[in-house]
Protein chains: 2
Amino acid sequence: MVAQLNQSEREAALAQLPDWEYDEKRDAISRSFRFADFTQAYAFMSRVALHAEKADHHPEWFNVYNRVDITLTTHDAGENGGLSQRDIDLATTIETFL
Amino acid sequence: MVAQLNQSEREAALAQLPDWEYDEKRDAISRSFRFADFTQAYAFMSRVALHAEKADHHPEWFNVYNRVDITLTTHDAGENGGLSQRDIDLATTIETFL
């Protein structure tokens, strides 16, 4: 079981990720990205995919053409899943790929 | 503008794609795929991505870990988008990647 962030930990982490939205119902964070075209969107997804596999922590994501919507939560955090440091680390790395 | 399939064309095409579901509201087809793990799911997505880019016809898709949900419709078919031969061709090619 991975530790779920408590409220103060979560607030401190989200302050460093101003472009990510917090979904209270899912205890998840999400961000929508737009690129010039599909190749740029998929190139970005591939960087995220390689990092996610290495970190053994994977996104939920949707893509259509130049748009990529990413949601991060930890399925084995807390009783029903929730935000953990692993999500914050993945979001922070994703930001460096832009 | 790409030609939207009429009902008899659509029914004939879907008969060849028994694992795809028709969404009447969107005039789209979709299928959910499960793989052994994330690397197999993403390898499949990459084959679809390369083909889609070459065909200039891209999927709407969602992935979480070993699951890939694909929806196909043609945004410039009919007045509000709809199913075209391009979707049928893409679905038929995707089937060969399994």
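From a predicted model like this one, the values you see are computed outputs, not experimental measurements.

Definitions and limits used
Residues numbered from 1 in each chain as written. Chains lettered and ligands numbered in written order. Predicted model: local features only at pLDDT ≥ 70, side-chain atom pairs only at ≥ 80, totals over all residues. Heavy atoms only, no water. Buried < 20%, exposed > 50% of the residue type's maximum accessible area, 1.4 Å probe, protein only. Helix = DSSP H or I, 4+ residues; strand = E, 2+ residues; numbered from the N terminus. Pairing = 2+ DSSP bridges. Arc of directions from axis to C-beta. Axes fitted to C-alpha atoms, helices over the stretch in contact; angles between N-to-C directions. Phe/Tyr/Trp six-rings, centres within 6.5 Å; stacked < 30°, edge-to-face > 60°. Contact = heavy atoms within 4.5 Å. Buried area = accessible area lost by both parts, 1.4 Å probe. Salt bridge = Lys/Arg side-chain N within 4 Å of Asp/Glu carboxyl O. Polar contact = N/O pair within 3.5 Å; in protein donor to acceptor, adjacent residues only side chain to side chain. Nonpolar A, V, L, I, M, F, W, Y, C, P; charged D, E, K, R; others polar.

Caption draft 1: Here's a closer look at the pairing of strand 4 (residues 67-72) of chain B. Residues and elements named next belong to chain B. The alternating pattern of strand 4 places Val68, Ile70 and Leu72 on a buried face, while none of Arg67, Asp69 and Thr71, on the opposite face, is buried. Relative to strand 4, strand 3 (residues 60-64) is paired through 5 bridges, and the arrangement is antiparallel. Paired with valine 64 across the bridge in strand 4 is arginine 67. In textbook terms, the turn of a hairpin is the stretch between consecutive antiparallel strands, and for strand 3 and strand 4 this stretch comprises 2 residues, one of which, tyrosine 65, has a positive phi near 50°.

Caption draft 2: Helix 1 (residues 7-15) of chain A, seen in detail. All names here are of chain A. All buried positions along helix 1 are accounted for by Arg10, Ala13 and Leu14. Each buried residue of helix 1 lies within a common arc of 95° when the element is viewed along its axis, so the set occupies one face. Facing away from the buried surface of helix 1 by more than 90 degrees, the exposed residues are Ser8 and Ala15.

Caption draft 3: Broad picture of the sheet that holds strand 4 (residues 67-72) of chain A. Sheet architecture is open: 8 strands sit in the order 1(A)-2(A)-4(A)-3(A)-3(B)-4(B)-2(B)-1(B), paired in antiparallel fashion. Unpaired on one side and paired on the other, strand 1 (21-23) of chain A together with strand 1 (21-23) of chain B mark the two borders of the sheet. With direction set aside, neighbouring strand axes in the sheet form an average angle of 20°. Where strand 1 of chain A meets strand 2 (residues 28-34) of chain A, 3 bridges bridge the pair, whose relative direction is antiparallel.

Caption draft 4: Expanded view of the packing of aromatic side chains. If you walk through the whole model with that rule in mind, you get 13 aromatic pairs over all chains. Seen from their ring centres, tryptophan 20 of chain A and phenylalanine 33 of chain A are 6.0 Å apart, and the 70° between their planes marks the pair as edge-to-face. Separated by 13 residues along the polypeptide, tryptophan 20 of chain A in the loop between helix 1 and strand 1 and phenylalanine 33 of chain A in strand 2 bring together distant segments of the chain. For phenylalanine 33 of chain A, a relative accessible area of 3% corresponds to the buried category. Between phenylalanine 33 of chain B and phenylalanine 44 of chain B the ring centres are 5.0 Å apart and the planes differ by 45°, which places this aromatic pair in the tilted class. In this pair, phenylalanine 33 of chain B sits in strand 2 (residues 28-34) while phenylalanine 44 of chain B sits in helix 2 (residues 38-55), placing the two residues 11 residues apart along the sequence. Side by side, phenylalanine 33 of chain B and phenylalanine 44 of chain B carry an identical accessibility label, which is buried. Among the aromatic residues, those joined into a ring-pair cluster are Phe38, Tyr42 and Trp61 of chain A together with Phe38, Tyr42 and Trp61 of chain B.

Caption draft 5: Representation of unusual backbone geometry in the model. For tyrosine 65 of chain A, which is not glycine, the phi torsion reads 50° and is therefore positive. Among the secondary structure elements, tyrosine 65 of chain A is positioned in the loop between strand 3 (60-64) and strand 4. Positive phi is not limited to glycine here, since aspartate 56 of chain B has a value of about 50°. Along the polypeptide, aspartate 56 of chain B turns up in the loop between helix 2 and strand 3.

Caption draft 6: Highlighting the interface of chain A and chain B. Contacts between the two partners involve 16 residues from chain A and, on the opposite side, 16 residues from chain B. Regarding the contact of chain A and chain B, the summed buried area is about 1500 Å², with carbon and sulfur atoms giving 67% of it. Of all residues in chain A, the largest losses of buried area upon contact with chain B belong to Phe38, Tyr42 and Trp61 of chain A, amounting jointly to 36% of the total for that side. Linking chain A to chain B there are 0 salt bridges. Along the contact surface separating chain A from chain B lie 5 residue pairs in polar contact (both at pLDDT 80 or more). Mapped onto the side of chain A that touches chain B, the elements with two or more residues apiece are helix 2 (38-55) and strand 3 of chain A. With 7 residues, the top contributor of residues to the side of chain A that touches chain B is helix 2 of chain A. Considering only residue class, the side of chain A that touches chain B consists of 9 nonpolar, 5 polar and 2 charged. Taken together, the 5 bridges between strand 3 of chain A and strand 3 of chain B define a ladder with antiparallel strand orientation. By the bridge assignment, asparagine 63 of chain A is partnered in strand 3 of chain B with tryptophan 61 of chain B.

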